[in-house]
Amino acid sequence: MAGEFALIHALRAIATDPAARALADDAAVLAIGGETLVLTLDTVVESVHYLATDPAADVAWKLVAVNVSDLSAKGAIPLGCLYSHALGEEEWDRAFLEGLDEACRHFAMPLLGGDTVRMPEGAPRSFSLTALGTGPKDCAVPSRTAAKPRDQVWVSGTIGDAGLGLAAALGTLTGPPEHLAALAAHYRRPMPKPRLGAALAPLVHAMMDISDGLLVDTARIAESSGVAIRIEAEAVPLSLALQAVTGGAIEARIAAMTAGDDYELLFTAPPENAVSIRETAEKANCSVAVIGTVDAGGGLTLVHQGKPLPLPERLGYQH
Ligand SMILES: Nc1ncnc2c1ncn2[C@@H]1O[C@H](COP(=O)(O)OP(=O)(O)OP(=O)(O)O)[C@@H](O)[C@H]1O
Ligand SMILES: Cc1ncc(C[n+]2csc(CCOP(=O)(O)O)c2C)c(N)n1
Ligand SMILES: [Mg+2]
């Protein structure tokens with residue numbers, strides 16, 4: 001099979017239960033009695049999702065955080081998790097468990113069980129985690145399919161820090177050490193926002209988290225919802241560290257919009273909800289910004305200072 005896209009396409013014939021959301025969402029959504037269970041599974045693989053030189057505690061943090069990020073995007077509050085551990089060197093594993101404990105406490109997501117295996121000698125290791133959460137009670141679980149013409153497109157936080165953080169962690173980026181450290185921290189310790197996701201759920205139409213890159217993930221909402229989305233490149237929020245290190249020119253903006261690993265929320269909402277969205281974000285101590293608009297039609301377009309900007313060849317990360 002050619003790759004990730006082809007495999008997921010083929011799996012759709014198997015995953016026909018409505019709870020699977022046609023394998024076109026961040027998580028499965030299962031109604032049980034009066035409650036909604038939200039389920040997601042993400043894996044981190046050495047040299048693919050993290051560097052062998054990354055501190056073990058940070059690898060565990062990332063494993064927990066990328067899963068919490070999918071729950072957040074569905075407005076779900078973490079309930080618990082199960083994980084699979086590939087045994088390694090004793091010290092490393094001990095540090096991994098310290099990071100796992102710290103992350104599970106931070107996100108209030110108790111560890112409920114899992115599995116332990118040993119990989120063949122020399123094989124890269126991978127860690128999988130299944131996270132369960134409770135979905136919103138008084139509104140639908142936000143999907144990728146509900147963006148509507150006239151909606152505004154929003155993101156939380158800043159975009160592109162983790163992409164540059166990977167370069168910082170690899171030692172290929174130059175700049176003030178405090179900025180490099182801040183960017184590397186974004187790469188190693190993503191900070192998803194489950195409380196913000198839950199509070200936004202009643203106010204949004206479509207919502208997902210940004211894992212593969214802002215542009216590719218926005219294109220996914222446009223395609224799933226059958227709408228056109230226009231992104232204003234200059235409206236995309238960039239951190240001071242990213243601006244200081246890159247200068248913040250359009251090339252750096254495009255790199256930020258396609259790097260991935262952001263684990264921020266991407267959502268669309270009608271303009272009349274803008275004031276409530278800003279108040280909700282303020283209460284959650286989070287920043288949010290309008291970066292574009294939804295129209296009838298299809299596809300993704302990019303605009304810079306009022307002029308159309310050709311889409312880059314690569315919109316985001318692909319396995
Ligand atoms: N091996 C698989 N078996 C069943 N479903 C799968 C498999 N791989 C992916 N999916 C499903 O495909 C959909 C898209 O997956 P994808 O991994 O792109 O989403 P995501 O989890 O939000 O992204 P990320 O992995 O970047 O966090 C999801 O519904 C996911 O459950
Ligand atoms: C060593 C190293 N190289 C590259 C990257 C970038 N990266 C890998 S997977 C992914 C998208 C999410 O993955 P998935 O869809 O599998 O959850 C991104 C942005 C990284 N994190 N570490
Ligand atoms: Mg996701």
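All figures in this text were calculated on a predicted structure; none of them were measured in a lab.

Q: Would you take a moment to explain the site of ligand 1 for this structure?
A: In the vicinity of ligand 1, the contacting residues are Ile8, Leu11, Leu23, Ala24, Asp25, Asp26, Asp42, Asp70, Arg144, Ser211 and Asp212. Contact between ligand 1 and Arg144: an oxygen atom at 3.1 Å from a side-chain N or O atom of the residue. Here Ser211 contributes a side-chain N or O atom positioned 2.5 Å from an oxygen atom of ligand 1. Contact with the protein chains covers 67% of the free accessible surface of ligand 1, which is 610 Å². Residues that form the shell around ligand 1 fall into these classes: four nonpolar, one polar and six charged.

Q: What exactly am I supposed to notice about the sheet that holds strand β10 (residues 288–295) here?
A: Each strand in a sheet pairs with another by means of backbone hydrogen bonds, the pair being arranged parallel or else antiparallel. The seven strands lie next to each other as β7-β9-β6-β10-β8-β11-β12, forming an open sheet whose pairing is mixed. Two strands bound the open sheet, and with one partner strand each, they are β7 (207–209) and β12 (307–309). Averaged over all neighbouring strand pairs, the angle between strand axes comes to 30°, with direction disregarded. Pairing of strand β8 (residues 228–232) with strand β11 (residues 299–304) involves five bridges; the strand directions are parallel.

Q: What's the story with the coordination of the magnesium ion (ligand 3) in this structure? I'm lost.
A: For a metal with four donors in a tetrahedral arrangement, the ideal angle between donors is 109.5 degrees, while six donors in an octahedron ideally sit at 90 or 180 degrees. Taken together, the protein ligands of the magnesium ion (ligand 3) are Asp26 (OD), Asp70 (OD) and Asp209 (OD), with distances of 2.0 to 2.2 Å. Here Asp209 falls in the buried class, since its relative accessible area comes to 1%.

Q: Is there a simple way to think about the domain arrangement of the protein chain in this case?
A: One widely used convention gives an interface's size as the accessible area the parts lose upon coming together. When cut into domains, the protein chain gives domain 1 (4–134) and domain 2 (152–309). Each of domain 1 and domain 2 has a C-alpha centre, and these two points are 22 Å apart. On the domain 2 side, the residues contacting the 25 residues of domain 1 number 21 residues. Taken together, both faces of the contact between domain 1 and domain 2 bury some 2,000 Å²; the carbon and sulfur share is 56%. At the junction of domain 1 and domain 2, the tally comes to four salt bridges. Asp58 is the partner of Arg189 in a salt bridge, and the nearest nitrogen-oxygen pair spans 2.7 Å. Counting across the domain 1 and domain 2 interface gives eight residue pairs in polar contact (both at pLDDT 80 or more). Breaking the side of domain 1 that touches domain 2 down by element, the ones donating at least two residues are α2 (56–73), β3 (77–86) and α3 (90–106). Considering each element in turn, the side of domain 1 that touches domain 2 owes the most residues, 11 residues, to α2. The residue makeup of the side of domain 1 that touches domain 2, split by class, is 13 nonpolar, five polar and seven charged.

Reading guide: rules and limits
Residues numbered from 1 in each chain as written. Chains lettered and ligands numbered in written order. Predicted model: local features only at pLDDT ≥ 70, side-chain atom pairs only at ≥ 80, totals over all residues. Heavy atoms only, no water. Near = heavy atom within 4 Å. Polar contact = N/O pair within 3.5 Å; in protein donor to acceptor, adjacent residues only side chain to side chain. Areas by Shrake-Rupley, 256 points an atom, 1.4 Å probe, with all protein chains shown as cover. Nonpolar A, V, L, I, M, F, W, Y, C, P; charged D, E, K, R; others polar. Pairing = 2+ DSSP bridges. Helix = DSSP H or I, 4+ residues; strand = E, 2+ residues; numbered from the N terminus. Axes fitted to C-alpha atoms, helices over the stretch in contact; angles between N-to-C directions. Donors = N, O, S within 2.8 Å, 3.2 Å for Na, K, Ca; no water. Buried < 20%, exposed > 50% of the residue type's maximum accessible area, 1.4 Å probe, protein only. Domains from an automatic or database assignment. Contact = heavy atoms within 4.5 Å. Buried area = accessible area lost by both parts, 1.4 Å probe. Salt bridge = Lys/Arg side-chain N within 4 Å of Asp/Glu carboxyl O.

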